[in-house]
Amino acid sequence: MATETLTLGKAINRGLRRALEHDPKVVIMGEDVGKLGGVFRITDGLQKDFGENRVIDTPLAESGIIGTAVGLSIRGYRPICEIQFDGFVYPAYDQIVSQVAKMHYRSQGKVRVPMVIRIPFGGGIGAVEHHSESPEAYFAHTAGLKVVACSSPQDAYTMIQQAVASDDPIVFLEPKRRYHEKGQVDLDAPLGDAYPLHAARVVRPGRDATLLAYGPMVRTAMEAASAAEEDGRDLEVIDLRTLSPLDLGPVYESVKRTGRCVVVHEAPGNLGLGSEIAARITEECFYSLEAPVLRVTGFDTPYPAARLEEDYLPNLDRVLDGVDRTFGW
Amino acid sequence: MAKGDPAGTARGRRATPRSARSGGKSPGTDLVQLLTPEGDRIDKVTWSDGTEYSVDFTDEEYRGLYRDLVLVRRLDAEATALQRQGELGIWASLLGQEAAQVGSGRALRPQDMAFPTYREHGVLYCRGIDPIMPLGLFRGVDLGGWDPNEFKFNMYTIVIGAQTLHATGYAMGVNMDGRTGTDDGEAVIAYFGDGASAQGDVNEAFIWSAVFNAPVVFFCQNNQYAISEPLERQTRIPLYQRAAGFGFPGVRVDGNDVLATYAVTRAALDNARHGQGPTLIEAYTYRMGAHTTTDDPTRYRIASEVEAWQAKDPIARVKAFLTRQGIADDAFLAEVEEQAKQEALRLRERVLEMPDPEPLTLFDNVFPNGSPEVDAQREFTARYLDSFEGSVH
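Residues numbered from 1 in each chain as written. Chains lettered and ligands numbered in written order. Predicted model: local features only at pLDDT ≥ 70, side-chain atom pairs only at ≥ 80, totals over all residues. Heavy atoms only, no water.

### Observations regarding the pattern of salt bridges
Alright, step 1. For the structure shown, the criterion picks out 45 salt bridges over all chains.
Alright, step 2. The partner of A:Glu4 in a salt bridge is A:Arg14, and the shortest N-O contact between them spans 3.2 Å. Here A:Arg14 lies in helix α1 (residues 8–22) and A:Glu4 lies in strand β1 (residues 3–7), a separation of 10 residues in the sequence.
Alright, step 3. Overall, the relative accessible area of 33% leaves A:Glu4 in the partly exposed class.
Alright, step 4. On the basis of relative accessible area, A:Arg14 is assigned to the partly exposed category, the value being 24%.
Alright, step 5. In this structure, the salt-bridge partner of A:Arg178 is A:Glu181, at a minimum N-O distance of 3.0 Å.
Alright, step 6. Judged by its relative accessible area of 8%, A:Arg178 is buried.
Alright, step 7. Each of A:Lys25, A:Arg75, B:Lys152, B:Asp177, B:Arg179 and B:Glu186 takes part in salt bridges that share partners, so that together they form one network. (Salt bridge = Lys/Arg side-chain N within 4 Å of Asp/Glu carboxyl O. Helix = DSSP H or I, 4+ residues; strand = E, 2+ residues; numbered from the N terminus. Buried < 20%, exposed > 50% of the residue type's maximum accessible area, 1.4 Å probe, protein only.)

### Examining the confidence of the model for chain B
All names here are of chain B.
Alright, step 1. Averaged over every residue, the pLDDT of chain B is 92; the share at 70 or more is 92%.
Alright, step 2. Within the model, pLDDT remains below 50 along residues 1–27, and this stretch shows 60 contacts once partners closer than five positions in the same chain are excluded.
Alright, step 3. For this predicted complex, the interface confidence score (ipTM) comes to 0.95, while the overall pTM stands at 0.94. (pLDDT = per-residue confidence, 0-100. Contact = heavy atoms within 4.5 Å.)

### With respect to the interface of chain B and chain A
Alright, step 1. On the chain A side, the residues contacting the 45 residues of chain B number 44 residues.
Alright, step 2. When the area that chain B buries against chain A is broken down by residue, the three leading residues are B:Met176, B:Trp208 and B:Pro368, summing to 18%.
Alright, step 3. Here A:Arg75 and B:Asp177 are joined by a salt bridge, their closest N and O atoms 2.8 Å apart.
Alright, step 4. One can count 21 residue pairs in polar contact (both at pLDDT 80 or more) joining chain B with chain A.
Alright, step 5. Of all the secondary-structure elements, those providing two or more residues to the side of chain B that touches chain A are β4 (113–115), α6 (148–151), α7 (162–176), α8 (200–211) and α14 (372–386) of chain B.
Alright, step 6. In terms of residue class, the side of chain B that touches chain A is made up of 23 nonpolar, 13 polar and nine charged. (Buried area = accessible area lost by both parts, 1.4 Å probe. Polar contact = N/O pair within 3.5 Å; in protein donor to acceptor, adjacent residues only side chain to side chain. Nonpolar A, V, L, I, M, F, W, Y, C, P; charged D, E, K, R; others polar.)

### With respect to the sheet that holds strand β10 (residues 209–213) of chain A
All names here are of chain A.
Alright, step 1. Spatial strand order, β9-β11-β10-β13-β14: five strands in an open sheet with mixed pairing. This sheet does not close on itself; its edge strands, each paired only once, are β9 (201–204) and β14 (294–298). Ignoring strand direction, the axes of neighbouring strands in this sheet form an average angle of 25 degrees. (Pairing = 2+ DSSP bridges. Axes fitted to C-alpha atoms, helices over the stretch in contact; angles between N-to-C directions.)

### Focus on the sheet that holds β4(B)
Residues and elements named next belong to chain B.
Alright, step 1. The parallel open sheet is built from five strands, whose spatial order is β4-β5-β6-β10-β9. The open sheet has two edge strands with one neighbour each: β4 and β9 (250–254). When strand polarity is set aside, the average angle formed by the axes of neighbouring strands in this sheet is 20 degrees.
Alright, step 2. Against the sheet, helix α3 (residues 98–107) contacts β5 (188–193), β6 (216–222) and β10 (279–284), and its axis sits at roughly 165 degrees relative to β6.

### A few points about empty space enclosed by the protein
Residues and elements named next belong to chain B.
Alright, step 1. Scanning the model with the defined rule gives two cavities of 30 Å³ or more in all.
Alright, step 2. As a volume, the largest cavity reaches approximately 110 Å³.
Alright, step 3. Around the largest cavity sit 14 residues that line it, and Leu75, Asp76, Trp91, His121 and Pro131 are the ones nearest its centre.
Alright, step 4. At the level of elements, α2 (59–84), α4 (121–126) and α5 (133–139) are the ones that each hand at least two residues to the lining of the largest cavity.
Alright, step 5. Grouping the constituent residues of the lining of the largest cavity by class yields 11 nonpolar, two polar and one charged. (1 Å grid on protein atoms, 1.4 Å probe; cavity = no way out; pocket = protein on both sides within 12 Å on 5 of 7 lines; lining within 4 Å. Points joined across faces, edges and corners; volume = space filled by probe spheres on them.)

### Some points on the nonpolar core
Alright, step 1. Counting 78 residues, the largest nonpolar core has A:Ile66, A:Ile74, A:Met115, A:Phe139, A:Ile277, A:Ile281 and B:Phe218 as the members making the most contacts within it.
Alright, step 2. In this view, A:Ile281 contacts A:Leu212, A:Val251, A:Tyr252, A:Val255, A:Cys261, A:Phe286, A:Leu289 and A:Val293; residues no more than four positions away in its chain are not counted. (Core = buried A, V, L, I, M, F, W, Y, C linked by side-chain atoms within 4.5 Å.)

### Description of the side chain of A:Ser151
Residue and element names in this part refer to chain A.
Alright, step 1. Along the polypeptide, Ser151 turns up in the loop between β6 (146–149) and α7 (153–165).
Alright, step 2. A relative accessible area of 17% means that Ser151 is categorised as buried.
Alright, step 3. Among the polar contacts made by the side chain of Ser151, one reaches the side chain of Asp239 at a distance of 2.6 Å.
Alright, step 4. In this structure Ser151 touches Leu8, Pro175, Gly215, Val218 and Asp239, once residues within four positions along its chain are discounted.

### Overview of the packing of α2(B) against α3(B)
All names here are of chain B.
Alright, step 1. Packing of α2 against α3 brings their axes to within 10 Å, and their N-to-C directions diverge by 130 degrees. Our classification of the angle between α2 and α3 gives oblique. Once α2 is placed against α3, the crossing between them reads as right-handed. Across the interface between the two elements, Leu65, Asp68, Leu69, Val72 and Arg73 of α2 pack against Glu98, Ala99, Val102 and Arg106 of α3.
Alright, step 2. Of the residues belonging to the contact of α2 with α3, the class tally is five nonpolar, no polar and four charged. (Parallel < 35°, antiparallel > 145°, perpendicular 65-115°, else oblique. Left-handed = near helix turned anticlockwise from the far one by under 90°.)

### With respect to a nonpolar patch on the surface
Alright, step 1. A surface patch of nonpolar side chains, about 260 Å² in accessible area, is lined by A:Tyr105, B:Leu143 and B:Leu362.
Alright, step 2. You can see B:Leu143 is positioned in the loop between α5 and α6. (Patch = residues over 30% accessible without salt bridge, like charges linked within 9 Å, V, L, I, M, F, W, Y side chains within 5 Å. Areas by Shrake-Rupley, 256 points an atom, 1.4 Å probe, with all protein chains shown as cover.)

### Comments concerning helix α3 (residues 62–75) of chain A
Residues and elements named next belong to chain A.
Alright, step 1. For α3, with 14 residues, the first-to-last C-alpha span of 20 Å sits near the 20 Å given by 1.5 Å per residue.
Alright, step 2. Burial of α3 is extensive: 14 of the 14 residues sit out of reach of the surface.
Alright, step 3. Positioned one or two residues after α3, Gly76 has a phi angle of 115 degrees, which is positive. (Expected span 1.5 Å × (residues − 1).)

### Topic: the pairing of strand β11 (residues 235–239) of chain A
The two faces of a sheet get side chains in turn, since along a regular strand they alternate between them.
Residues and elements named next belong to chain A.
Alright, step 1. Across the five residues that make up β11, a large majority, five, are buried.
Alright, step 2. Both faces of β11 are covered, namely the face carrying Leu235, Val237 and Asp239 and the face carrying Glu236 and Ile238.
Alright, step 3. Two strands pair when backbone bridges link them, and β9 and β11 are joined in this way by three bridges, in the antiparallel orientation. What sits directly across from Arg204, in β11, is Val237.
Alright, step 4. Crossover β10 to β11 through helix α8 (residues 217–230) is right-handed. (Right-handed = clockwise from strand over helix to strand, strands pointing away.)

Written as structure tokens, this is what we have:
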């Protein structure tokens, strides 16, 4: 078993490489993905090895990246589009929600657009505005799109390959503040044996309350669980991984045991993923709940200036405060 | 007259294009025309870049084009009538644009791929698709029923201009597949209107197609109005001239001249299939009816303008030419009329018989790989429908 220690960013790079090797119809397209290797270097070295027709530096226009990828998909290609930063995806919004998401449905199944739209998302890197947003709810709200978020190098490596292999159009969210965090990655495991793409996973078992997170907040939730241990609380942490469709089976099971649930995400709370999750848990686990499902989220403000982002983002203290509140009910 | 627009776009004051007045070979023009509104043939037209446009049809082919024009107009009229009678929710009529659509549609080869808007019923007809198909969309029983891959004619696109990027991406794929550079190479055509020329997507498609040398023809039917907005609200230069700024050829053709639209489109498609990249065609035409059956064009345009364009009718001029040349006699014209009438009647009968879709098909084809959430909603809905007495679902 070829296991290596890789950063999350490098793990995606290796996953993309395998996808390009595996299927000649896979192409990567976006701004700066070629010679530069992407602004985060996620596509580093791929154009050099696969050529300009497989790793395509495009003009600077997001709608054009997604719209031409639709045409390439209709032609039989499997494009992987890179959007440089979360806040830059909005110029492509129409193409994603009106075109990509609906092609299969509108054509009564005759047209497929097996695209992956990679978006480095979330804050915590001290960037200027439009570089730290969490747009997942916009896409999760759109039928016809699947939305996933990776949180560990191993998941990043396998999930990107699974996303490329899927015939569904997938918005693939990468936690940019975790790009440099390292973990063990099994590079040779067959994709067929990998944990399913659209499945949540318990990443820390516990008895007393359930913490739900995805993407960059999984690590924060894990840190909170470790800290809560010192208070004698045994928290279960679930990495949602799939945001649309939600895989709430493991969540219901967990909450029915623990009776308490706190959902954590960076995106604003109002109509965010946490709202939907809280409603669904209430429907399914009503008689098991010891407290309402609580949310610890970003605020309903525009993403603030970098010197304020530590106040905006859910951090260890805010998550622990949410845990305290659920036990205080 | 709008500044810099030689054909004249000012409302009610459109001048007759210079080429319309000339007979025989034109030494250079700003509008390619091969058949005048009076039905006079122009053998050959030289565009300002030196390209020569001409057609050489057999009598049978001329008659075929006439038949297409009449049928397409008649079917469109039937659809408009069906809407007025409450059988269609809405209809986007092509009245006045038959020549632009039949000319360009007949210029396509079987291997070429088309990306339409929602008004290309004439091109759809030329691609061999059952004319009932778009009526399902406008009746609300489906979202477009044909197979885009089988007919090489993509789904209608309602969002303005979005399909020009799809066409460009598809054309990039044609390049990547090595399917250009020969006589049997593939080309792609993207249809859009004058209003779409203002959209970001269309401009991005121009940029993409230029830098990737994509084999795509942008076929803009300038019908003078984007719903109620006149051309002056979209541009201050003739639309075909936009192409120069993106680095590829632009040409303006009389969109009411089926011969010229055929010649210009065929040449542009051939250039594309031979690896010479994109072309912008501005088919200068006029939407004789409303944008759709929901608007009232008398609120935004004057009768004299409509009358001026009636004199340039795309079918009347072909009829005059065919009759004068002895290519078509009264018997032929009557036979075409009768065929159009019968096909329209058949279309009407079939529309009235179109069944509403089964409720549970609502959940079909959301994803190729399905979704547990959608599946659960389908099951819930099935149980709900079953709960009604006498339900067959």
